[in-house]
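Residue-level listing of the chains:
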Amino acid sequence: MIKIGIVDDHQIVIDGLLALLKNEDSIEIALTANTGKEMLDLLSTETVDVLLTDVMMPEMNGLELAEMVSILYPNIKILALSMNGEGTVIDQLVQKASISGYLLKQTNARELVHAIQKIAGGGQYFPENILDALETVAQVKEAVQAAHLTQREIEVICLMEKDLSNKQIADQLNIAVRTVETHRKNIFRKTGTNNILSLVKWAYEHKIITT
């Protein structure tokens, strides 16, 4: 019997998962919670084999919860369930919390059960669309690393995106205008761009600028 915990800030989602899994003989739903903090409190009194967690939650999000669980209860396997299929979100969960699987909430009961069973058995479960998203993130990281941008150059890019002049950038970073000009030339060369518009597009595509 696989004991699982479910945490989601929407009770209707938990109710839906309970209905999906209630007739599955191999799975016992031991704990449910609407917040990450509540789940951590419950885990201090009763453990589970697999924790199903939402990602976007108030107060303590899925990443923060997964990080805490991976530290406090390293034997618990974590399966993230989310509406968000963005690669950077998934990559953070993999890198920082070592999650064992990731499913979109549009999944069906058969896939969910299969994922839980595989993860409980020591495996991982990342469907093809999630693997594709992770591969895209990896390619973006490689491109940024290949550009060899310095932290100062990244700061300059962020200020260039705000349409600040060289003088304004120099004043904000407390450096000489000539230094800003040198940074700009190096940035255009390293990123293979030749104007602000193409640079900003490159920066967004490669997650240098995220907001």
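Everything below is about the structure printed above this text.
Given the structure is predicted, the values throughout are model-derived calculations rather than measurements.

K.L.:
Even after reading the chapter, I still don't get the overall build of the protein, so can you show me in this structure?
P.N.:
Summing up its helical and strand segments, the protein has 10 helices and 5 strands in all. Against the globule reference of 17 Å for 211 residues, the protein gives a C-alpha radius of gyration of 22 Å, more extended than a compact globule. Out of the 211 residues belonging to the protein, those deemed buried represent 42%. Counted over contacts in the protein with a minimum sequence separation of 6, partners at least 24 positions apart contribute 63%. Total accessible area on the protein is roughly 11,500 Å²; 51% of this is exposed by carbon and sulfur atoms.

K.L.:
How should the pattern of salt bridges be read in this particular structure?
P.N.:
Side-chain pairs of opposite charge can arise where the charged atoms are in close proximity. With the rule as written, the count across this model stands at 10 salt bridges. Across the pair Glu-181 and Arg-178 runs a salt bridge whose closest N-O atoms are separated by 3.6 Å. With a gap of 3 residues between them, Glu-181 and Arg-178 both fall in helix H9 (residues 177–191), about one helical turn apart. Judged by its relative accessible area of 63%, Arg-178 is exposed.

K.L.:
Where do I start with the sheet that holds strand S4 (residues 77–82) in this structure?
P.N.:
Strand order in the open sheet made by the 5 strands is S2-S1-S3-S4-S5, with parallel pairing throughout. Each edge of the open sheet carries a strand with a single partner, namely strand S2 (27–33) and strand S5 (101–104). Within the sheet, the average angular offset between the axes of one strand and its neighbour, ignoring direction, is 20°. Bridge count for S4 against S5 is 4 bridges, and the pairing is parallel. By the bridge assignment for S5, Ser-82 is matched with Leu-104. Across the sheet, helix H3 (residues 62–72) is in contact with strand S1 (2–7), strand S3 (50–54) and S4; its angle to S3 comes to roughly 160°.

K.L.:
How should I be thinking about the pairing of S4 in this particular structure?
P.N.:
On a regular strand, one side chain projects to one face of the sheet and the next to the other, so that they alternate. Burial within S4 is extensive, with 5 of its 6 residues counted as buried. Pairing of S3 with S4, which is carried by 5 bridges, proceeds in the parallel orientation. Bridging across to S4, Leu-52 finds its partner in Leu-79. Where the polypeptide runs from S3 across H3 and back to S4, its parallel neighbour, the crossover connection is right-handed.

K.L.:
Help me understand the side chain of His-206, please; the structure alone is not making it clear to me.
P.N.:
Locating His-206 in the fold gives a position in the segment after helix H10 (196–205). On the basis of relative accessible area, His-206 is assigned to the buried category, the value being 15%. Setting aside its immediate chain neighbours within four residues, His-206 contacts Val-140, Ala-143 and Val-144.

K.L.:
Mind showing me how you'd approach unusual backbone geometry here?
P.N.:
With the exception of glycine, most residues fall at negative phi, and the peptide bonds are largely trans. We note that Asp-163 has phi near 65°; this positive angle belongs to a residue other than glycine. If you trace the backbone, Asp-163 turns up in the loop between helix H7 (151–161) and helix H8 (166–173). Of note in the backbone geometry, Lys-207 takes a positive phi value of approximately 60° without being a glycine. Here Lys-207 lies in the segment after H10. Owing to a relative accessible area of 41%, Lys-207 belongs among the partly exposed residues under this scheme.

K.L.:
Explanation requested: the environment of Ala-19 in the structure shown.
P.N.:
By secondary structure assignment, the location of Ala-19 is in helix H1 (residues 11–21). Taking the C-alpha atoms as reference, Ala-19 lies 56 Å from Leu-173; in sequence the two are 154 residues apart.

K.L.:
I would appreciate a short explanation of the side chain of Ser-82 in the present structure.
P.N.:
If you trace the backbone, Ser-82 turns up in strand S4. Taking relative accessible area as the criterion, Ser-82 reaches 1% and is therefore assigned buried. Ser-82 has contacts with Asp-54, Val-55, Tyr-102, Leu-103, Leu-104, Lys-105 and Gln-106, leaving out every residue within four places of it along the chain.

K.L.:
Would you take a moment to explain helix H5 (residues 109–120) for this structure?
P.N.:
Owing to its 3.6 residues per turn, the α-helix aligns residues three or four sequence positions apart on the same side. Taking 1.5 Å of rise per residue, 12 residues should cover 16 Å, and H5 covers 16 Å from first to last C-alpha, within 8% of that figure. Inspection of H5 places Leu-112, Val-113, Ala-115, Ile-116 and Ile-119 among the buried residues, and these make up the whole buried set. Seen end-on, H5 carries its buried residues on one side only, within an arc spanning 160°. Considering only its buried residues, H5 is in contact with S1, H1, S2, S3, S4 and S5. Capping of H5 at its N-terminal end is provided by Asn-108; its side-chain oxygen lies 3.2 Å from the backbone amide nitrogen of Arg-110.

Reading the values: the criteria
- Residues numbered from 1 in each chain as written.
- Predicted model: local features only at pLDDT ≥ 70, side-chain atom pairs only at ≥ 80, totals over all residues.
- Heavy atoms only, no water.
- Helix = DSSP H or I, 4+ residues; strand = E, 2+ residues; numbered from the N terminus.
- Rg over C-alpha atoms; globule rule 2.2 N^0.38 Å.
- Buried < 20%, exposed > 50% of the residue type's maximum accessible area, 1.4 Å probe, protein only.
- Contact = heavy atoms within 4.5 Å.
- Areas by Shrake-Rupley, 256 points an atom, 1.4 Å probe, with all protein chains shown as cover.
- Salt bridge = Lys/Arg side-chain N within 4 Å of Asp/Glu carboxyl O.
- Pairing = 2+ DSSP bridges.
- Axes fitted to C-alpha atoms, helices over the stretch in contact; angles between N-to-C directions.
- Right-handed = clockwise from strand over helix to strand, strands pointing away.
- Expected span 1.5 Å × (residues − 1).
- Arc of directions from axis to C-beta.
- Polar contact = N/O pair within 3.5 Å; in protein donor to acceptor, adjacent residues only side chain to side chain.

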